[in-house]
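Each chain, written out:
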Amino acid sequence: METWRALESEADFVRALADDAVGAALLRTLFGNSPFLTQAALKEPQILRLFAGSGPEEAFRCALSTLHAARAALQDMPLTELKRTLRVAKRRGALAIALADIAGFWPLETITASLSRLAEECLQLAAAALLTQAARAGDFVPADPADPERDSGWIILAMGKLGSIELNYSSDIDLVVLYDEQKSKYTGSDNNQKFSLKLTRELVRIIEERTGDGYAFRTDLRLRPDPGVTQLAMSASAAEGYYESLGQNWERAAMIKARPVAGDIAAGESFLKHLRPFVWRKYLDFAAIQDIHSIKRQIHSHRGGGRIAVAGHNVKLGRGGIREIEFFCQTQQLIWGGRDPDLRMRGTEAALRGLVDAGHVDAQTAEDLAEAYRFLRRVEHRLQMIDDRQIHSLPESDEQLSAFATFLGYPDAGTFSRDFVARLERVQGHYAELFEDAPSLSSGDEEIGGSLVFTGGDDDPETLATIENLGFSNPRTVSQTIRGWHHGRYRATRSTRSRELLTELVPTLIRALGRTAQPDAAFARFDEFLSHLPAGVQIFSLFYSNPNILELVADLMSGSPRIAGHLSRRPALMEALLDQGFSEPPPLLEELEHELASTLALAEHYEAALDRTRRWANDRRFLVAVQLLRGHVDAVEAGRALSDIAEATIAGLLPHVEADFARRHGRIAGTSLAVVALGKLGSRTLSATSDLDLVFVYGDPPADISSDGDRPLTPGHYFNRLTQAVVTALTALTAEGALYDIDTRLRPSGGKGPLACSLTHFRSYQSHNAWTWEHQALTRARLIAGPEPLRKSIGDVVRDVLIRPREAGGLARDIVAMRARMRREHRGDDPWDIKNRKGGLIDLE
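**Details of the overall build of the protein chain**
Then step 1. In terms of helices and strands, the protein chain carries 37 helices and 10 strands.
Then step 2. Radius of gyration (C-alpha) of the protein chain: 39 Å, far over the 28 Å computed for a compact globule of 845 residues.
Then step 3. Dimensions of the protein chain along its principal axes, counting C-alpha atoms only, are 130 × 65 × 55 Å.
Then step 4. Buried residues in the protein chain amount to 55% of all 845 residues.
Then step 5. A separation of at least 24 residues holds for 72% of the contacts in the protein chain among residues at least 6 apart in sequence.
Then step 6. Accessible area for the protein chain stands at about 36,900 Å²; split by element, carbon and sulfur atoms hold 51% of it.
Then step 7. Computed over 100 positive and 114 negative side-chain charges, the separation of the two mean positions in the protein chain equals 4 Å.

**Observations concerning the environment of L542**
Then step 1. For L542, the location among the structural elements is in helix α24 (residues 537-545).
Then step 2. Accessibility expressed as a relative area gives 14% for L542, which makes it buried.
Then step 3. C-alpha of L542 to C-alpha of A413: the two residues are 129 residues apart in sequence and 52 Å apart in space.

**Concerning the packing of helix α4 (residues 35-43) against helix α17 (residues 363-387)**
Then step 1. Between α4 and α17, the least distance of the axes is 4 Å, while the angle of their chain directions is 60°. Compared by their axis directions, α4 and α17 come out oblique. Along the contact surface, α4 presents P35, F36 and L37, while α17 presents M385, I386 and D387.
Then step 2. In terms of residue class, the contact of α4 with α17 is built from five nonpolar, no polar and one charged.

**As for the packing of aromatic side chains**
Then step 1. All chains considered together, the criterion is met by 16 aromatic pairs.
Then step 2. Considering the side-chain rings of Y242 and Y243, the 5.4 Å spacing of their centres and the 75° angle between planes classify their relative orientation as edge-to-face.
Then step 3. One aromatic cluster is present, built from ring pairs that chain together F472, W485, F523, F526, F529 and F543.
Then step 4. Note that K90 overlies the ring of F217, its terminal NZ or CZ placed 4.5 Å from the centroid.
Then step 5. Positioned over the ring face of F407 is R382, at 5.5 Å from the centre of the ring.

**A word on the pairing of strand β6 (residues 673-678)**
Every other side chain in a regular strand lies on the same face of the sheet, so the side chains alternate between the two faces.
Then step 1. Within β6, six of the six residues are buried, which leaves the element mostly enclosed by the surrounding structure.
Then step 2. What you see with β6 is no split at all: L673, V675 and A677 on one side and A674, V676 and L678 on the other are buried throughout.
Then step 3. Pairing of β6 with strand β7 (residues 692-698) involves six bridges; the strand directions are antiparallel. Within β7, the position partnered with L673 by the bridge is Y698.
Then step 4. Strand direction decides the pairing type here: β6 and strand β10 (residues 782-785), joined by three bridges, are antiparallel. Counterpart to V675 in the pairing with β10 is A785.

**Quick notes on unusual backbone geometry**
Then step 1. The backbone phi angle of I165 is positive, close to 60°, even though this residue is not glycine.
Then step 2. Relative to the helices and strands, I165 resides in the loop between α9 (160-163) and β2 (173-179).
Then step 3. The exposure class of I165 is partly exposed, given its relative accessible area of 38%.

**Some thoughts on the nonpolar core**
Then step 1. The biggest cluster of nonpolar side chains holds 72 residues, and the ones touching the most others in it are L48, L86, L123, W154, I207 and F217.
Then step 2. Here this core gets 14 residues from one element, more than from any other, and that element is helix α8 (residues 108-136).
Then step 3. For L48, the residues in contact, after removing those within four places along its chain, are F13, L17, L26, L27, L30, A41 and L99.
Then step 4. Of all hydrophobic cores here, the second largest spans 47 residues; its members include A609, A638, L739 and A756.

**Observations concerning the side chain of T365**
Then step 1. Tracing the chain through its elements places T365 in helix α17.
Then step 2. The buried category is assigned to T365, whose relative accessible area is 8%.
Then step 3. When neighbours within four sequence positions are excluded, T365 is seen to be in contact with F328 and H430.

**Some points on the environment of L27**
Then step 1. Its location among the elements puts L27 in helix α3 (residues 21-33).
Then step 2. Between the alpha carbons of L27 and A41 there is a distance of 9.2 Å; along the sequence they are 14 residues apart.
Then step 3. Once residues within four sequence positions are removed from consideration, L27 is found in contact with L17, A18, G32 and L48.

**A closer look at helix α30 (residues 635-665)**
Then step 1. If you check α30, its first and last C-alpha atoms are 43 Å apart, about what 31 residues at 1.5 Å a residue would give, namely 45 Å.
Then step 2. The axis of α30 is deflected most strongly, by about 30°, at L653, and proline P655 appears within four residues downstream.
Then step 3. The backbone nitrogen of V636 lies 3.2 Å from a side-chain oxygen of the residue at the head of α30, namely D634.
Then step 4. G666, located one to two residues past α30, shows a positive phi value of around 75°.

**Things to note about the state of the cysteines**
Then step 1. Tallying each qualifying case throughout the model produces zero disulfides.
Then step 2. You can see C62 has no disulfide; the closest cysteine sulfur is in C122, sitting 14 Å from it.

**Overview of the side chain of T613**
Then step 1. On the secondary structure map, T613 appears in helix α29 (residues 606-629).
Then step 2. In this structure T613 comes out as buried when scored by relative accessible area, which is 0%.
Then step 3. Those residues within four positions of T613 in sequence are excluded, and the remaining contacts are L596, L600, T649, L653 and L739.

**Here we look at a nonpolar patch on the surface**
Then step 1. Taken together, the side chains of I834, L841 and L844 define a hydrophobic patch exposed on the protein surface, amounting to about 310 Å² of accessible area.
Then step 2. Following the sequence through the fold, L844 ends up in helix α37 (residues 841-844).
Then step 3. Of the residues examined, L844 reaches a relative accessible area of 69% and is grouped as exposed.

Definitions and cut-offs
Residues numbered from 1 in each chain as written. Predicted model: local features only at pLDDT ≥ 70, side-chain atom pairs only at ≥ 80, totals over all residues. Heavy atoms only, no water. Helix = DSSP H or I, 4+ residues; strand = E, 2+ residues; numbered from the N terminus. Rg over C-alpha atoms; globule rule 2.2 N^0.38 Å. Buried < 20%, exposed > 50% of the residue type's maximum accessible area, 1.4 Å probe, protein only. Contact = heavy atoms within 4.5 Å. Areas by Shrake-Rupley, 256 points an atom, 1.4 Å probe, with all protein chains shown as cover. Lys, Arg positive; Asp, Glu negative; His and termini not counted. Charge placed at Lys NZ, Arg CZ, Asp CG, Glu CD. Axes fitted to C-alpha atoms, helices over the stretch in contact; angles between N-to-C directions. Parallel < 35°, antiparallel > 145°, perpendicular 65-115°, else oblique. Nonpolar A, V, L, I, M, F, W, Y, C, P; charged D, E, K, R; others polar. Phe/Tyr/Trp six-rings, centres within 6.5 Å; stacked < 30°, edge-to-face > 60°. Lys NZ or Arg CZ within 6 Å of the ring centre and 35° of its normal. Pairing = 2+ DSSP bridges. Core = buried A, V, L, I, M, F, W, Y, C linked by side-chain atoms within 4.5 Å. Expected span 1.5 Å × (residues − 1). Bend = angle between axes of the 7 residues up to and from the residue. Polar contact = N/O pair within 3.5 Å; in protein donor to acceptor, adjacent residues only side chain to side chain. Disulfide = S-S within 2.5 Å. Patch = residues over 30% accessible without salt bridge, like charges linked within 9 Å, V, L, I, M, F, W, Y side chains within 5 Å. Salt bridge = Lys/Arg side-chain N within 4 Å of Asp/Glu carboxyl O.

Put into structure tokens, the structure is as follows:
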């Protein structure tokens, strides 16, 4: 070392190092395994020299001195020079730390602490530079120009491994940026939020932008509250409000490691102090503990995750990996730390020691996990040293795996593999014991077969692959939507309990929707359903206790947009699907009429009667549709049930329409209105989307009479306007939706005739003027509403028309001509047009 320090030139030093056996081995390790470290050594030979001559501490101090010198000259430093300084310091620091790691001079905690310190001081320099620049522009008044960060109100929190001082060799730095409105010294023309947002964007650009000198650090701000809808910087008070009302347990786990690292450190500490009741809950119910366990149980990594593997295994997320050790600590810290402040440490190994001291983990388990953690972090660092990439998976090919084992110092890949698998199995065993009493997120014995992670602020790649494998064509939309649910963007997911239940349900829900014919459409309709729920706990508890109902809902969301839409508007119908009588035949007409009458008896006014009728009829139609989809009724039974609902609706609503009409126009003594059903309603073969073919007939009134109301009408005007009121009552769109589309073109004279006709006109028209096709329509006629004597009289007219003798040849010619005209009007060769195509329903009818 003394000899190397004495050499005057860098070239002489490098030659001497290459001639030394130990020095040559170090150079071979760098140049033979890591393109990134090779380039760093070529650009920064003085770091190699300091390392070889004075040790890693001096080499690392040299890297930090680059930042310290820039801090002293900050007032006159342009941003371009600042960016270069940050990148040079990062390169020097990364090389010094890698040399200390490869040579075995530093233990893991020194390596991760040095990586963390390097990132922290880079952030502090960048933050100070931006605040200094703002002060020069007159937008900011620092409390101390020499230390512009102090009391600035701009808070930069480190999360993840930077927060716990355990940074990876090539890790993103996870940040949450806030501003304290009470402390901010902003004096510009905008406001604190815009100022802080501008500072934050500039900070990210300065730190991560790639220049000719590379980049300093990749930054990630997606651990902030609800990153899908919030700005990069938010007020501290808004963040507190979010965590107190909508914070999730995984966010509590993330906040264990939170630490102010730049900006206003005191304000950051104050914020975290206010957040302690959120992070460290003194009392946890069973649901909260289940949800904490589910942080882990969402993870079933599909590549090297569901099994112990070597090639391609994810050292961080795979089974037995680093994440399991971290979650082993964090989940128990969340459970016990509310009552035991000694468990509130940020570091993983420190947490293991604390759990042993508190009696929650035995000493051997903690030692096994700590040793595995150090081993796996060493593997992770070597992976990232190769190309300065944030990579966590071992090489796939045998050749690459063998080269990587050599980089770690192993004689061959087999020896490394044995050591690697032994650690994974040890971690997996201890981890499984921790969660052995926690139920699986997957129902039954079937697993998802992949990863389903919706924590954090970004899509998990393995989760996207799992969602796609389950049948979805747009997995990113599914993932982002589910994270929105967890962030409480709907009323149904704003309570802690509802989100905890939802966490349990999501894997089963995704699998159920993925099995449907149209997974993406079904998911979108379920999202709409969720958005309309006034609350979530009751319905999620229902799904949790009755997984078969969740499967049913998935089928409904896929099978029928109309059914899905109605369920979205009326989620209370879920209870009807649980009724023991749901699979039994639909109720008879008399029961339906009584049920609707009881509902309408509660209507306080006419508009309420319209809404109650719609709610009742649409609910009843929904249940029949579900029974049809589930096979509880066949198409013929469903047609009868739907027809009975329509008949009960018309008969039940008609008196209310008449009463409302009579308030303005009175009544006509001795006569009234009747409703004739034709078409599918008449034949009781109604479908979910059928029009109602109706004809309105009124009894012959006495001569020269008008209605007895304040605004009297003659019989013709009276009953036509009353009929229009009936049609409007059945078709108008109210807050409860619509009822039916009405078709009155089968009335005498069709569209040219009045809406309602008298009994005498009806008899005359059918006897002398009606076409053959109009008589065909009468074969389905049923009297469904009106007084019994009038209904009997109309029925007699229909019977007399249908039983009169006809000339067979003329009848056949009329029918053939009519059918030919219909084919001309419905041209096309759509094979699915089962109504109009040859051999279809029209021909059968």
